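Each chain is listed here by its residues.
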Amino acid sequence: MKVDYFQSEYEIIRDFNKCIDCGLCITQCANGAHKRSKEGKLYTEDSLCVNCHRCVAVCPVKAIKIKKNDYSFKDNNSWKKEDITNIFRQAESGGVLLSSMGTPKDYPIYWDKMLINASQVTNPSIDPLREPMETRTFLGKKNSTIEFDENGDIKLEEKPFIELSTPIMFSAMSYGSISLNAHKALAGAAKDLGILYNCGEGGLHKSLYHYGENTIIQVASGRFGVHSDYLEAGSAIEIKMGQGAKPGIGGHLTGTKINKDISKTRMIPEGFDAISPAPHHDIYSIEDLKQLVYILKEATDYKKPIIVKVAAVHNISSIVSGIARCGADIIAIDGFRGGTGAAPLRIRDNVGLPIELALASCDTRLREEGIRDSVSLVVGGSIRNSADVVKAIALGADAVYIGTSALIALGCHLCRSCHLGKCNWGIATQRADLVKRLNPKEGRTRLNNLVSAWTFEIKEMMGGMGINSIEALRGNRLMLRGIGLTEKELEVLGIKIAGE
Amino acid sequence: MKREGEVRIPSGCAISGIFSKNKKLFSGESAITSIKVMHDRSNGLGGGFAGYGIYPEYENYFALHILYDDRVAKKDCEEYLEEHFDVINLSKIPTRKIPSIKDEPLIWRYFVEPLHARLLDSQLDEKEYTARCVIKVNSNIKGACIISSGKNMGVFKAMGYPEDVGEFYRLEDYKGYCWTAHGRYPTNTPGWWGGAHPFSLLDFSVVHNGEISSYDANRRFMEMFGYKCTLQTDTEVITYMIDYLHRKQKLPLKTVAHILAAPLWSTIDRMEESKKKEITFLRKNFSSALITGPFSILVGFEGGLMALNDRLKLRSLIVGTKDDMVYIGSEESSIRILEKDFDSITYPKGGVPYIVTLKETQQ
């Protein structure tokens, strides 16, 4: 007798009084959770449901809802349901547990423990509807000393910069981990918004080269899709050293996702696994990174800023200080709540640091060393709304990367099953029938709306503080107060407690 | 209760300034008259003056005005001064006992020059050497505060209404070609005299009205370059930014004004190409020196005076001229009391500096 150790995690509840038996749920569920019996009756296989809400959203009569299955083990504080079922899974498979997107675990979210200031009496708040409110942002190295020519005029020697209309960019998500339609939506929205998106480590699809001005191209440990036209294609080049969701390990795109188009873009054979090594095998130390930075600068004639992206880990501030001294123009720090298309669950849930603490300690460290202006800081990994953006900038970031938020705008329901490749929303999949569910034009509009709405909210909050330009908010930690934090946490964040 | 420096105290204020382009010397009384009109803009918790050209007999020496909490502070500070400077002259600053000014600290004045050997050793010029010593004393020697450190100029400040402060310091006995004055309206008690304005470093002195919202961004930027914002006041950080941009980066004051109160991007985008390139370059490279929030400031320096408003002009400021004289004030009444018949009256636009210099330095 085969014993099934598992109970399905969700229950699909269908209201047969409402159901018109159209069968749309069956065709829409790539996981096969909706089925029709030989007798023609609709039924569900709940164990296949990932709770992505596609059936709920498309059902014309709203007859479906998904509920968490309330089956329970005997109460136990040490051995929770998740612990027990994960042991069952591994005892059965012998494999590494995989998951996707950012960690769902209950770690402190420091964004929610910081409050923003506003003006009262002693200086006026500014109304962004009536007064100019500036969010234009430049990323890159600054000139630490001004030089003059023989006429006494300032030498306007420009270092490579990125210009953004608002301090928000779409973070790296590779073609392969997400669909071409998702890339099209991101690229189009970046162009409309005057910001940049990041094509990730999977190369750049031919059809997207004309968005180059709004593109950051990535060079990662697998070097997928890297060639000279690619390096020239974007406005900036990002060296990916690590990712917040899985610090210390590389990526793994299974062969089933490597179709013809992806194989061409990545420059690897069709159907073979695409494995990004854990380290760059030409970078075993900081001096090696410097060489890669300058190789890329040489290759692009010193015209493009080089971004180095690292995962937030324990000694992040020394690492960032080292990177700032090795020629990087911009450093992107990715916090451990950041998303991923696939990661070993234990790593995602246990390795790395919250971005708020990493950002605060890096900004402080770079200032202590007097080199904060030699580099711009971009942070990502769980920026959920405009208030998070404001707090990040007040802590010291120049701009933020958003990934998960952008995908949610495209329809992602955070079911954390990207690694299965069957995304019903057409985002994290390469199945043509699923990809076409994501309309790039509509996605572009939704992303446009999201970032425009956030920008307006940022302006409202800035105006409330009496600040009319984003640069006066950057590193302005007096605009933040902590709530419910220990003295040590406040010290690391460099902020005062509320009421002080 | 925490004393100023341990806590940040927002203030409203009155400012005024008088300048003679021909370097005619006049006593501090006119500055008192001018600031007194704006009595209601202060609340008796701080007032002060800066005079330029007041020490002609010691014009080659740095004049240090120092406030001491007690004799221990004085002893420590003087020990430090003697290790670093040749003290040419020292004396108590003469004051007059008046009922409204109480609990005064010990107020001393030193004319000094850097010790030659130490200066050589430091590989710095004498201004940088002196500035570093001043910052060191103010951040490290408990109970000592150098409020003035320029040549042929001096700052006089105290707790009280500015007109009383002027009387206390016997400003009628000093003659200068430029005076600035300040009446302070702090929201809570600063606890000591150091927090009053003008704030000064070397020959720069700043009086300021407003509360800037960019304070901590500016402060953290400045602290990268060795400045220590011990008072946590806007005026202090503004002074340091001017010192950094003008003295260290060698940018002209007009350019400094374009950094502190940078034009809006929408204005920059409409500028002609070369101007646009330069202003964009400055805004990008010194973005952390942008000041937001309301301010009007008067910056005194050797041979000149600059008035500047925030870019939205959230504080009033008026300039009147008569012959070689320039009068600047928060309110028109403060300059009308000194001159009835102006040649011209202007209201500097937000972010556009008004700079006046001595005729002799212009040639």
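Scoring rules and cut-offs
Residues numbered from 1 in each chain as written. Chains lettered and ligands numbered in written order. Predicted model: local features only at pLDDT ≥ 70, side-chain atom pairs only at ≥ 80, totals over all residues. Helix = DSSP H or I, 4+ residues; strand = E, 2+ residues; numbered from the N terminus. Rg over C-alpha atoms; globule rule 2.2 N^0.38 Å. Buried ≥ 20, exposed ≤ 12 C-beta atoms within 10 Å, placed from the backbone. Contact = placed C-beta atoms within 7 Å. Nonpolar A, V, L, I, M, F, W, Y, C, P; charged D, E, K, R; others polar. Pairing = 2+ DSSP bridges. Axes fitted to C-alpha atoms, helices over the stretch in contact; angles between N-to-C directions. pLDDT = per-residue confidence, 0-100. Parallel < 35°, antiparallel > 145°, perpendicular 65-115°, else oblique. Left-handed = near helix turned anticlockwise from the far one by under 90°. Domains from an automatic or database assignment.

**Q** Could you clarify how one ought to interpret the overall build of chain B in this entry?
**A** Broken down by element type, chain B carries twelve helices and 18 strands. For chain B, the C-alpha radius of gyration of 19 Å lies close to 21 Å, the compact-globule estimate for 363 residues. Sorting the 363 residues of chain B into buried and exposed places 56% on the buried side. Residue pairs in contact within chain B that sit at least 24 positions apart in sequence constitute 77% of those at least 6 positions apart.

**Q** Explain the overall build of chain A to me, please; I cannot follow it from the model alone.
**A** Counting its secondary structure elements, chain A contains 15 helices and 21 strands. Here the C-alpha radius of gyration of chain A, 24 Å, is about what a compact globule of 500 residues would show, namely 23 Å. Taking the principal axes of its C-alpha atoms as reference, chain A extends roughly 90 × 55 × 45 Å. Sequence-distant contacts, at least 24 apart, represent 68% of the contacts inside chain A between residues at least 6 apart.

**Q** Is there a simple way to think about the interface of chain A and chain B in this case?
**A** Interfaces are often sized by the amount of accessible area the parts lose when they come together. If you look at the interface, chain A gives 32 residues, while chain B gives 32 residues. Looking at the side of chain A that touches chain B residue by residue, the class counts come to 13 nonpolar, ten polar and nine charged.

**Q** Mind showing me how you'd approach the sheet that holds strand S7 (residues 144-148) of chain B here?
**A** Backbone-to-backbone hydrogen bonds pair the strands of a sheet. The strands run either parallel or antiparallel. All names here are of chain B. Pairing is antiparallel in the open sheet, where four strands are placed in the order S5-S6-S4-S7. Each edge of the sheet is formed by a strand with only one pairing partner; in this case those strands are strand S5 (85-92) and S7. Each adjacent strand pair in this sheet contributes to an overall mean axis angle of 30°, direction not counted. Bridge count between strand S4 (residues 62-68) and strand S6 (residues 106-114): seven bridges; the pairing is antiparallel. Bridging from a neighbouring strand, Tyr 68 pairs with Leu 106 of S6. Along the sheet face, helix H4 (residues 126-140) touches S4, S6 and S7 and points at about 140° away from the line of S7.

**Q** It is not clear to me how the confidence of the model for chain B should be interpreted in this structure. Could you clarify?
**A** Interpreting fine coordinate detail is not advised for predicted regions of low pLDDT. Averaged over chain B, the pLDDT score is 92; the fraction of residues at 70 or greater is 98%. In the model output, the complex is listed with pTM 0.93 alongside ipTM 0.90.

**Q** Explain the environment of Ile 283 of chain A to me, please; I cannot follow it from the model alone.
**A** Residues and elements named next belong to chain A. The topology assignment puts Ile 283 in the loop between strand S14 (274-275) and helix H7 (286-299). Here the alpha-carbon distance between Ile 283 and Arg 384, two residues 101 residues apart in the chain, equals 33 Å. Sequence-distant contacts of Ile 283, defined by excluding residues within four places in its chain, comprise Asp 288, Leu 289 and Leu 292.

**Q** Can you walk me through the packing of helix H6 (residues 215-222) of chain B against helix H7 (residues 234-248) of chain B in this structure?
**A** When two helices pack together, their arrangement is captured by the angle between the axes and the distance separating the axes. Residues and elements named next belong to chain B. Remark: H6 packs on H7, axes separated minimally by 10 Å, with the N-to-C direction vectors making an angle of 45°. One finds that H6 runs oblique with respect to H7. In the crossing of H6 with H7, the sense of the turn from one axis to the other is left-handed. Where H6 abuts H7, its residues Tyr 215, Asn 218, Arg 219 and Met 222 lie against Asp 234, Val 237, Tyr 240, Met 241 and Tyr 244. A breakdown of the residues in the contact of H6 with H7 according to their chemical character gives six nonpolar, one polar and two charged.

**Q** Teacher, can you tell me more about the domain arrangement of chain A here?
**A** Residue and element names in this part refer to chain A. Each assigned domain of chain A is listed here: domain 1 (10-95) and domain 2 (137-497). The centre of domain 1, based on its C-alpha atoms, is set 35 Å off from the matching centre of domain 2. Opposite the nine residues of domain 1 that make contact, domain 2 presents eight residues. Split by residue class, the side of domain 1 that touches domain 2 holds four nonpolar, four polar and one charged.

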